[in-house]
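Per-entry structural report
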Amino acid sequence: MKDLAHGMIFAQVMPSPWERKTAVTRAYQDAFSKAYPGKPFSYGSLEGYVTARALVEALKLAGPKPTRASFVAGLRNASLNIEGLRVSYSDKAHTGLSLVDLAIVTREGTFRH
């Protein structure tokens, strides 16, 4: 399978959870390792981490007694900074993150970012 995959390029919507190149992945790895010692990192758990951090920031924007209305209002035209990762929302853009990280499969069958 390694030979068949060599040179394939994958686009991810999160940075690599195995690399420590960004502040968000370092924070994720530290928190994940503390909560789940010995468990492997994954794109899914990194995405969950970033989503939870964004939720916390959005709740702060909603005020001291958040309601659904204040939560939505807080996110309207919001720009959040999650450990250097910019998450933005507006009336016309609900995606939040525009990051695309590329990884290529090496001859050894590993990913290089």
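Analysis parameters
- Residues numbered from 1 in each chain as written.
- Predicted model: local features only at pLDDT ≥ 70, side-chain atom pairs only at ≥ 80, totals over all residues.
- Heavy atoms only, no water.
- Axes fitted to C-alpha atoms, helices over the stretch in contact; angles between N-to-C directions.
- Helix = DSSP H or I, 4+ residues; strand = E, 2+ residues; numbered from the N terminus.
- Parallel < 35°, antiparallel > 145°, perpendicular 65-115°, else oblique.
- Contact = heavy atoms within 4.5 Å.
- Nonpolar A, V, L, I, M, F, W, Y, C, P; charged D, E, K, R; others polar.
- Polar contact = N/O pair within 3.5 Å; in protein donor to acceptor, adjacent residues only side chain to side chain.
- Salt bridge = Lys/Arg side-chain N within 4 Å of Asp/Glu carboxyl O.
- Buried < 20%, exposed > 50% of the residue type's maximum accessible area, 1.4 Å probe, protein only.
- pLDDT = per-residue confidence, 0-100.
- Core = buried A, V, L, I, M, F, W, Y, C linked by side-chain atoms within 4.5 Å.

Considering the packing of helix α2 (residues 23-35) against helix α3 (residues 43-61)
- Relative orientation of the contacting elements α2 and α3 amounts to 100°, with a least axis distance of 10 Å. As judged from the angle between their axes, α2 and α3 are roughly perpendicular. Counted together, Val24, Thr25, Ala27, Tyr28, Ala31 and Phe32 of α2 and Ser45, Leu46, Tyr49, Val50 and Arg53 of α3 form the full contact between these two elements.
- For the contact of α2 with α3, the per-class residue count stands at 8 nonpolar, 2 polar and 1 charged.

Some remarks on the side chain of Gln29
- Its place among the elements puts Gln29 in helix α2.
- Only 2.8 Å separates the side chain of Gln29 from the side chain of Arg20, close enough to count as a polar contact.
- For Gln29, the contacting residues outside a window of four places in its chain are Pro17, Trp18, Glu19, Arg20 and Phe41.

Side note on the packing of α3 against helix α4 (residues 68-75)
- Their axes nearest at 8 Å, the elements α3 and α4 cross at an angle of 105°. The angle between α3 and α4 falls in the class roughly perpendicular. Taking contact as the criterion, the partners of Leu55, Ala58, Leu59 and Leu61 in α3 are, on α4, Phe71, Gly74 and Leu75.
- A breakdown of the residues in the contact of α3 with α4 according to their chemical character gives 6 nonpolar, 1 polar and no charged.

A closer look at the pattern of salt bridges
- What the rule picks out here adds up to 4 salt bridges.
- For the salt bridge of Arg20 with Asp30, the shortest nitrogen-to-oxygen distance reads 3.3 Å. Separated by 10 residues along the polypeptide, Arg20 in the loop between β1 (9-12) and α2 and Asp30 in helix α2 bring together distant segments of the chain.
- Among the residues examined, Arg20 registers a relative accessible area of 41% and is labelled partly exposed.
- Salt-bridge contacts for Glu83 lead to Arg53; the nearest nitrogen and oxygen are separated by 3.3 Å. Highlighted residues: Glu83 in the loop between β2 (79-82) and β3 (85-88) and Arg53 in helix α3, separated in sequence by 30 residues.
- Glu83 gets classed as partly exposed once you look at its relative accessible area, which sits at 32%.

Let's talk about the confidence of the model for the protein chain
- Of the residues in the protein chain, 94% reach a pLDDT of 70 or more, and the chain-wide mean stands at 87.
- Confidence, expressed as mean pLDDT per element, reaches its minimum in the protein chain at strand β5 (residues 111-112) with 67 and its maximum at α2 with 97.

Focus on the nonpolar core
- Ranked by internal contacts, the top residues of the largest apolar core, which has 17 residues, are Val24, Tyr49, Val50, Leu80 and Ile82.
- Elements that contribute at least two residues to this core include exactly α2, α3, β2 and β3.
- With 6 residues, α3 is the largest single contributor of residues to this core.
- Among all residues touching Ile82, those that are not within four sequence positions of it are Val24, Arg53, Ala54, Glu57 and Val87.

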